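Single-letter residue listing:
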Amino acid sequence: SKKAGRNSVRFFDPSLESAMKQHATLEDDIRQALDQGQFVLHYQGQFNSRDKLTGAEVLVRWQHPVQGMMSPALFIPFAEETGLILPLGNWVLETACKLLASWEKIPRMNKLVLAVNVSALQFRQSDFIETVVNIIHKSGANPQRLKLELTESMLIENLDDIIHKMLSIKELGVGFSLDDFGTGFSSLSFLKRLPLDQLKIDQSFIKDVHSDPNGAAIAKTIVALGKSLGLNVIAEGVETVEQREFLSNAGCHAYQGYLFSRPVALTEFEELARSN
Ligand code: C2E
Ligand code: CA
Ligand code: CA
Ligand code: CA
């Protein structure tokens, strides 16, 4: 009632109650979606300076029975909060590794590298190394064709532990890319210690290389920084020929973005790879 409502505890705030219900429902929905195979993977091509396809980033989507195709931005943060990212992340890695195994005997396809996003919670698990080793072995994937994308924010805690994890996995042949680079607060000395293979320049720095001189200077500096550390540098979110030209002049020779390809379903990606 209205009278009781004024001083009552917040549990009875109807908007909070409905928010909690929505959360409980979303959690159940994600579990069910995993059971019922409602998650799908899309593949966004990665290209070199000769416009050759070198692989793809694997991006998860939720084929929701009511809402239609749902963006990961809408459910990944929640899956991280609830821990559901662990089974979901394993499913993504397994599916990507099985795909790599299925390409292993196909001449053009067996050169492609798949980049899989790893969430902070996944990487922090004490059995992360074991999980990756098991998935690779069970799937029969060539580990040289797998790349894991980490973000700066997940690499701050126990640096020795992080390096140990990365080195153990690199021993298999798996590569590491530092995603969304430039949006975190990594120091140079920190970057130098990490056994990375690639820096991925965040798309926010690519967006304004032509409108904003500071943006251009930052993008150039990031490319130079990556190269000085001996890393491969890839730019994401490349949408225009002008951006690609700028990056190429700055020394960045690997690209991902709508200019080259949108994230597409598997059949479309395989077609792209065959015709590229
Ligand atoms: P991200 O790892 O930074 O992925 C790049 C995002 O930029 C993707 O959004 C991609 O579709 C989008 N993108 C690619 N090229 C362009 C472009 O030229 N212009 C613009 N404006 N956008 C572009 P998406 O697919 O919605 O994924 C969003 C985020 O969700 C990803 O950001 C990643 O953080 C997360 N995510 C996706 N799949 C997974 C997954 O399997 N596991 C985990 N942990 N996170 C995932
Ligand atoms: Ca990524
Ligand atoms: Ca990114
Ligand atoms: Ca991002």
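Within each chain, residue numbers correspond to sequence positions counted from 1 in written order. The naming scheme follows written order: chains are lettered A onward, ligands numbered 1 onward. Local features in this predicted model are restricted to residues of pLDDT 70 or higher, and side-chain atom pairs are both shown and tallied only at a pLDDT of 80 or more, whereas totals for entire chains, interfaces and linings draw on every residue. Computation of side-chain values covers all heavy atoms of the structure but excludes hydrogens and water.

K.L.:
Which residues make up the overall build of the protein, and what are the values?
P.N.:
The helix and strand inventory of the protein stands at 12 helices and nine strands. Relative to the 2.2 N^0.38 estimate, which gives 19 Å for 276 residues, the radius of gyration of the protein is 21 Å and therefore close to what a compact globule would have. Projecting the C-alpha coordinates of the protein onto the three principal axes gives extents of approximately 70 × 45 × 40 Å. Partly exposed residues are those whose accessible area sits between 20% and 50% of the maximum for their type, while under 20% is buried and over 50% is exposed, using a 1.4 Å probe and protein chains only. By the burial criterion, 45% of the 276 residues in the protein qualify as buried. Every helix listed is a DSSP run of H or I at least four residues long, and every strand listed is a run of E at least two residues long, numbered separately from the N terminus. For this measure, only C-alpha atoms enter the radius of gyration; the expected value for a globule follows 2.2 Å times N^0.38, where N is the number of residues.

K.L.:
Can you tell me about the pairing of strand E4 (residues 113-117), naming the residues and giving the values?
P.N.:
Here a strand pair is declared whenever DSSP counts at least two bridges between the two strands. As paired elements, strand E2 (residues 53-64) and E4 share four bridges and run parallel to each other. Bridge pairing in E4 links Glu57 to Ala115. Looking at chain direction, E4 and strand E5 (residues 146-151) are connected through four bridges and run parallel. Note on E5: the bridge partner recorded for Leu114 is Leu146.

K.L.:
Quick rundown of the site of ligand 1? Include the residues and the values.
P.N.:
For this description, a residue counts as near a given molecule or strand if any of its non-hydrogen atoms is within 4 Å of it. Surveying the vicinity of ligand 1 reveals 22 residues, the closest of which are Gln44, Arg61, Gln203, Glu239 and Tyr258. Contacts described as polar in this section are N or O atom pairs within 3.5 Å, which, within protein, must combine one atom able to donate a hydrogen with one able to accept it, while residues neighboring in sequence count only if both atoms come from side chains. Here a nitrogen atom of ligand 1 and a side-chain polar atom of Gln44 are 2.9 Å apart. At 3.2 Å, a backbone N or O of Val60 approaches a nitrogen atom of ligand 1. What sets the accessible areas is the Shrake-Rupley method with a 1.4 Å probe; for residues, cover comes only from the shown protein chains. A total of 800 Å² of accessible area belongs to ligand 1 in isolation, and the protein chains cover 81% of it.

K.L.:
Would you mind going over the environment of Ser153 in detail, with residue names and values included?
P.N.:
When you line up the elements, Ser153 lands in the loop between E5 and helix H7 (159-170). For the pair Ser153 and Ser186, spaced 33 residues apart in the sequence, the C-alpha separation amounts to 8.6 Å.

K.L.:
Before we move on, can you summarise the pattern of salt bridges with the specific residues and values?
P.N.:
Every case where a carboxyl oxygen of Asp or Glu lies within 4 Å of a side-chain nitrogen of Lys or Arg is listed as a salt bridge. Under the criterion given, the structure shown has six salt bridges. Glu57 serves as the salt-bridge partner of Lys200, at 2.8 Å between the closest nitrogen and oxygen. On the criterion of sequence distance, the pair formed by Lys200 in strand E7 (residues 198-201) and Glu57 in strand E2 is long-range, its members being 143 residues apart. Judged on exposure class, the residue Lys200 and its partner Glu57 are both buried. Between Lys200 and Glu149 there is a salt bridge, with its nearest N and O atoms 2.7 Å apart. Taken together, the residues span a long stretch of sequence, with Lys200 in strand E7 and Glu149 in strand E5 at a distance of 51 residues. Of the two residues, Lys200 and Glu149, both sit in the buried class. Each of the salt bridges in this network shares a partner with another, and the network as a whole consists of Glu57, Glu149 and Lys200.

K.L.:
Quick one: what's the story with the coordination of the calcium ion (ligand 3), residue by residue and with numbers?
P.N.:
Donor atoms from the polypeptide that coordinate the calcium ion (ligand 3) comprise Asp179 (OD), Asp180 (OD), Glu236 (OE) and Glu236 (OE), at 2.3 to 2.5 Å from the metal. On the primary sequence, the residues serving as donors to the calcium ion (ligand 3) are separated as D-D-x55-E. In this listing, donors mean N, O and S atoms no farther than 2.8 Å from the metal, or 3.2 Å for Na, K and Ca; water is missing from the atoms, so a site can look incomplete. The metal-metal distance between the calcium ion (ligand 3) and the calcium ion (ligand 2) comes to 3.9 Å, with Asp179 coordinating both. Residue Asp180 is classed as partly exposed on the basis of its relative accessible area, which comes to 26%.

K.L.:
Before we move on, can you summarise the packing of aromatic side chains with the specific residues and values?
P.N.:
Remark: the centre distance and the inter-plane angle together describe each pair of aromatic rings, the angle taken between the planes. Between the rings of Phe, Tyr and Trp (Trp by its six-membered ring), a pair exists once the centres lie within 6.5 Å; its type follows the angle of the planes, with under 30 degrees stacked, over 60 edge-to-face, and the other angles tilted. Under the criterion given, the structure shown has eight aromatic pairs. Between Phe39 and Trp62, the ring centres sit 5.4 Å apart and the planes meet at 40°, which makes this aromatic pair tilted. With Phe39 in strand E1 (residues 39-48) and Trp62 in strand E2, this pair connects stretches of sequence that are 23 residues apart. Trp62 matches Phe39 in its accessibility class, with the two residues each being buried. Members of the aromatic cluster, each reached through a chain of ring pairs, are Phe39, Trp62 and Phe75. Whether a charge sits over a ring comes down to the Lys NZ or Arg CZ being within 6 Å of the ring centre and within 35 degrees of the ring normal. It is Lys165 that lies over the ring of Phe123; its NZ or CZ is 5.5 Å from the centre. Lying across the ring of Tyr258, Arg262 places its NZ or CZ 3.7 Å from the centre.

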